[in-house]
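Chain residues, written in single-letter form:
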Amino acid sequence: ERERLIVELAKAAAKKATTGKEIIKLPAMNAYERRLVHVELAVHPEVRTESEGEGKERCVVIKPI
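In this convention, every chain numbers its residues from 1, walking through the sequence in written order. With the structure being a predicted model, the display of local features is reserved for residues of pLDDT at least 70 and the display and counting of side-chain atom pairs for 80 or more, all residues being used for whole-chain, interface and lining totals. Values shown for side chains rest on all heavy atoms present in the structure; no hydrogens or waters enter the calculation.

Q: Honestly, the sheet that holds strand S1 (residues 24-25) in this entry has me stumped. Any pointers?
A: In sheet architecture, strand pairing relies on hydrogen bonds along the backbone and comes in two forms, parallel and antiparallel. In spatial order, the strands read S1-S3-S2; together these three strands make up an open sheet with antiparallel pairing. Each edge of the open sheet is held by one strand with a lone partner, namely S1 and strand S2 (47-52). Pairing of S2 with strand S3 (residues 59-64), which is carried by six bridges, proceeds in the antiparallel orientation. Bridge assignment links Glu50 to a residue of S3, and that residue is Val61. Contacts: residue pairs with any heavy atoms within 4.5 Å of one another. To obtain an axis, a line is fitted to C-alpha atoms, over the contacting stretch when the element is a helix, and the angle between two such axes runs from 0 to 180 degrees between their N-to-C directions. Helix and strand definitions here come from DSSP, where helices need a minimum of 4 consecutive H or I residues and strands a minimum of 2 consecutive E residues; each element is numbered from the N-terminal end. Packed onto the sheet, helix H1 (residues 2-20) meets S1, S2 and S3 and runs at close to 35° relative to S3. Each of S2 and S3 is contacted by helix H2 (residues 31-41), which is oriented at about 165° to S2, the strand it contacts most. Strand pairing requires that DSSP identify at least two bridges connecting the strands.

Interpretation note: all reported values are geometric properties and have no functional meaning in isolation.
Following this line, the structure appears as structure tokens:
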């Protein structure tokens, strides 16, 4: 259930990043959750993802291309 929510969050954030041409910073996530986002958006042609921060504050940033 949590995995599905994270994938949906990633898709919605990618859509917002591309329509608004803005950088979207997702909430802090553990390594597995961040990987779900990176894998889900790896095939998205209009955005790229990066992890930022350290430790428990590490999060995914979605940037439009």
